[in-house]
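Examination of the molecular architecture
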Amino acid sequence: MQAQVLLQQAPAEAAPLVEQTLPQPTPGPGQVRLQVLCCAVCRTDLHVVEGDLSPKRLPLVPGHQVVGVVEALGPGCRRLRPGQRVGAAWLARTCGRCRYCTSGRENLCPHSLYTGYDLDGGYAEQMVAYEEFLYPLPEDHPPEWIAPLLCAGIIGYRSLERARVPARGRLLLVGFGSSAHLVLPLAKARGLQVAVLSRTPEHQHLARQLGADWAGADPAGLPWLADGAILFAPAGHLVPPVLEHLAPGGTLAVAGIHLSPIPELDYQRHLYWERDLRSVTSNTRADGRHLLQEALAAGVRPQVQLFSLAQANQALLALKRGQIQGTAVLKVA
Ligand SMILES: [Zn+2]
Ligand SMILES: [Zn+2]
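Residues numbered from 1 in each chain as written. Chains lettered and ligands numbered in written order. Predicted model: local features only at pLDDT ≥ 70, side-chain atom pairs only at ≥ 80, totals over all residues. Heavy atoms only, no water.

Inspection of every chain in the model, using the stated rule, returns four aromatic pairs. Look at Trp90 and Tyr114: their rings are 4.7 Å apart centre to centre, the planes differ by 20°, and that puts the pair in the stacked class. With Trp90 in the loop between strand S5 (85-88) and strand S6 (91-93) and Tyr114 in strand S7 (residues 113-114), this pair connects stretches of sequence that are 24 residues apart. Residue Trp90 is classed as buried on the basis of its relative accessible area, which comes to 7%. Judged by relative accessible area, which is 14%, Tyr114 ranks as buried. Judged by centre distance (5.8 Å) and plane angle (55°), the rings of Tyr267 and Tyr272 are tilted. The structure contains a cluster of three or more aromatic residues connected by ring pairs, namely Trp90, Tyr114 and Tyr117. Lying across the ring of Phe133, Arg285 places its NZ or CZ 3.8 Å from the centre. (Phe/Tyr/Trp six-rings, centres within 6.5 Å; stacked < 30°, edge-to-face > 60°. Helix = DSSP H or I, 4+ residues; strand = E, 2+ residues; numbered from the N terminus. Buried < 20%, exposed > 50% of the residue type's maximum accessible area, 1.4 Å probe, protein only. Lys NZ or Arg CZ within 6 Å of the ring centre and 35° of its normal.)

What follows is the structure, encoded as structure tokens:
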């Protein structure tokens with residue numbers, strides 16, 4: 001099978017992924033082999049490829065928003081059948097036994113494995129995945145509309161939950177990449193008011209198209225203080241100004257897995273009046289199920305820019321340069 005393989009972490013400009021022909025992977029106990037239909041490109045892939053996240057193993061096939069078809073079942077698989085369409089996401093496996101796994105917080109399991117990080121992912125024609133962590137998918141949707149939901153959508157959903165916006169409340173999205181453009185229609189379907197802060201005029205334009213009540217580059221122009229905000233941009237210097245634009249009782253959820261340093265906070269100016277600063281770490285399988293249900297019911301349709309598997313380096317570079325409107329998707333089969 002063809003795969004885009006990371007041999008050594010390097011800046012996206014250096015085209016760090018190398019096309020290789022690898023043997024067809026064999027599913028182990030509890031695993032299935034998927035034929036990959038498409039794989040969406042996530043900012044975390046960029047962090048893995050460039051070295052912002054230290055490597056768990058090399059060589060590695062990245063990619064963790066995979067829509068595929070079950071091809072072969074490993075020993076002990078019971079839940080899925082060959083031919084079934086499924087989604088593989090970032091959370092590849094948890095231990096199932098620790099105090100987090102046994103209390104509905106498997107996103108915090110210290111023994112988690114991640115797709116396209118610990119295990120080879122979807123920048124390839126085939127991959128293996130743990131059956132219990134795959135999401136059965138409807139077959140009447142183009143796979144490229146579903147793939148972006150599998151990380152950008154799920155993390156957006158969890159971030160929206162973490163931001164705790166009350167009914168008919170006001171939500172501020174900071175940065176308007178893949179995840180934010182999926183949260184926006186979800187939030188509108190929930191009846192929230194939504195403002196979007198982005199430096200990029202194209203992203204502001206897309207935000208307005210998708211129903212944002214306000215979109216701009218300067219927080220001073222915001223029409224209101226927000227009840228909840230989600231920081232999607234991996235930019236720690238934005239934390240203090242966003243906290244200042246929270247209403248009393250407001251919450252800022254930081255969605256990224258990687259954030260540049262946060263400048264000094266002042267208790268009175270940034271946190272008093274019960275304003276909260278929270279992170280978002282991975283997701284549970286329940287988040288994934290709820291997101292897929294809510295997004296499909298709300299008719300959320302991701303904006304996608306399609307690339308071939310061989311163009312994986314170009315897709316990562318375009319993402320780094322802010323040239324992707326919505327989500328980049330590698331169309332594999
Ligand atoms: Zn665990
Ligand atoms: Zn991701």
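What follows deals with the packing of helix H3 (residues 152-162) against helix H8 (residues 285-297). One way to put it is that H3 packs onto H8 with a least axis distance of 9 Å and a crossing angle of 100°. Comparing their axes, H8 and H3 come out roughly perpendicular. Here Gly153, Ile154, Tyr157 and Arg158 of H3 lie close against H8, whose contacting residues are Asp287, Gly288, His290, Leu291 and Glu294. Of the residues contributing to the contact of H3 with H8, the split by class is three nonpolar, three polar and three charged. (Axes fitted to C-alpha atoms, helices over the stretch in contact; angles between N-to-C directions. Parallel < 35°, antiparallel > 145°, perpendicular 65-115°, else oblique. Contact = heavy atoms within 4.5 Å. Nonpolar A, V, L, I, M, F, W, Y, C, P; charged D, E, K, R; others polar.)

The next thing to look at is the coordination of the zinc ion (ligand 2). Every protein donor of the zinc ion (ligand 2) is accounted for by Cys42 (SG), His64 (NE2) and Cys151 (SG), and the metal-donor separations fall at 2.0 to 2.2 Å. Written as a sequence motif, the donor arrangement for the zinc ion (ligand 2) is C-x21-H-x86-C. Of the two residues, His64 sits in the loop between helix H1 (43-50) and strand S4 (66-73) while Cys151 sits in the loop between helix H2 (143-146) and H3, which places them 87 residues apart along the sequence. Taken as a pair, His64 and Cys151 share a single burial class, namely buried. (Donors = N, O, S within 2.8 Å, 3.2 Å for Na, K, Ca; no water.)

In space, the six strands of this open sheet follow the order S12-S11-S10-S13-S14-S15, with parallel pairing throughout. The outermost strands of the open sheet, each flanked by one partner alone, are strand S12 (214-216) and strand S15 (276-279). Here the strands of the sheet are splayed against their neighbours by 15° on average, with no regard to which way each runs. Running at roughly 170° to strand S10 (residues 170-174), helix H4 (residues 178-189) makes contact with S10, strand S11 (193-197) and strand S13 (226-231) of the sheet. (Pairing = 2+ DSSP bridges.)

So, about the coordination of the zinc ion (ligand 1). Donor atoms from the polypeptide that bind the zinc ion (ligand 1) are Cys95 (SG), Cys98 (SG), Cys101 (SG) and Cys109 (SG), placed at 2.3 to 2.4 Å. One way to put it: the four donor atoms around the zinc ion (ligand 1) meet at angles of 104 to 116°, and that makes the site tetrahedral. All donors of the zinc ion (ligand 1) belong to a single chain; written as a sequence motif, their spacing is C-x2-C-x2-C-x7-C. (Tetrahedral: all angles 85-135°; square planar, octahedral: opposite > 155°, others 65-115°.)

To continue, consider the domain arrangement of the protein chain. Segmentation of the protein chain into domains returns domain 1 (2-140 + 303-331) and domain 2 (153-279). Put simply, the middle of domain 1 and the middle of domain 2, counted by C-alpha atoms, are 27 Å apart. Every contact between the two is made by 15 residues of domain 1 and, on the other side, twelve residues of domain 2. At the boundary of domain 1 with domain 2, total buried surface from both sides reaches about 1100 Å², with 57% on carbon and sulfur atoms. (Domains from an automatic or database assignment. Buried area = accessible area lost by both parts, 1.4 Å probe.)

What follows concerns a nonpolar patch on the surface. Together, Ile262, Leu265 and Leu277 line one region of the surface with nonpolar side chains, adding up to about 210 Å² of accessible area. Summarising the element assignment, Ile262 is placed in the loop between strand S14 (246-254) and helix H7 (267-271). The exposure class assigned to Ile262 is partly exposed, which follows from its relative accessible area of 38%. (Patch = residues over 30% accessible without salt bridge, like charges linked within 9 Å, V, L, I, M, F, W, Y side chains within 5 Å. Areas by Shrake-Rupley, 256 points an atom, 1.4 Å probe, with all protein chains shown as cover. Salt bridge = Lys/Arg side-chain N within 4 Å of Asp/Glu carboxyl O.)

With that out of the way, let us pick up the environment of Gly175. As for its placement among the helices and strands, Gly175 is situated in the loop between S10 and H4. Note on Gly175: relative accessible area 14%, which makes it buried. In the structure, Gly175 is positioned 75 residues away from Gly250 in sequence and 18 Å away in space, judged by C-alpha atoms. Every residue in contact with Gly175, bar those within four places of it in the chain, is listed here: Ala180, Leu197, Phe232 and Ala233.

When you line up the elements, Glu131 lands in the loop between strand S8 (126-130) and strand S9 (135-136). Here Glu131 sits buried without a salt bridge, and the closest side chain of opposite charge, Arg79, lies 5.8 Å off (N-O distance). Looking at Glu131, its side chain comes within polar contact range of the main-chain nitrogen of Leu80, at 2.9 Å. (Lys, Arg positive; Asp, Glu negative; His and termini not counted. Polar contact = N/O pair within 3.5 Å; in protein donor to acceptor, adjacent residues only side chain to side chain.)

Mapped onto the fold, Pro29 is located in the loop between strand S2 (17-21) and strand S3 (31-40). Spatially, the C-alpha atom of Pro29 lies 6.0 Å from that of Gly76, the residues being 47 residues apart in sequence.

With that settled, the discussion passes to the pairing of strand S1 (residues 2-6). For S1, the tally of buried residues reaches four of five residues, placing the bulk of the element in the interior. By the bridge criterion, five bridges tie S1 to S2 in an arrangement that is antiparallel. Counterpart to Gln2 in the pairing with S2 is Thr21.

A separate point is the pairing of S5. The side-chain alternation of S5 yields two buried faces, one formed by Arg85 and Gly87 and the other by Val86 and Ala88. As paired strands, S4 and S5 are joined by four bridges and run antiparallel to one another. When the bridges of S5 are listed, Val69 appears paired with Arg85. Two strands pair when backbone bridges link them, and S5 and S9 are joined in this way by two bridges, in the antiparallel orientation. Looking across to S9, one finds that Val86 is bridged to Pro136.

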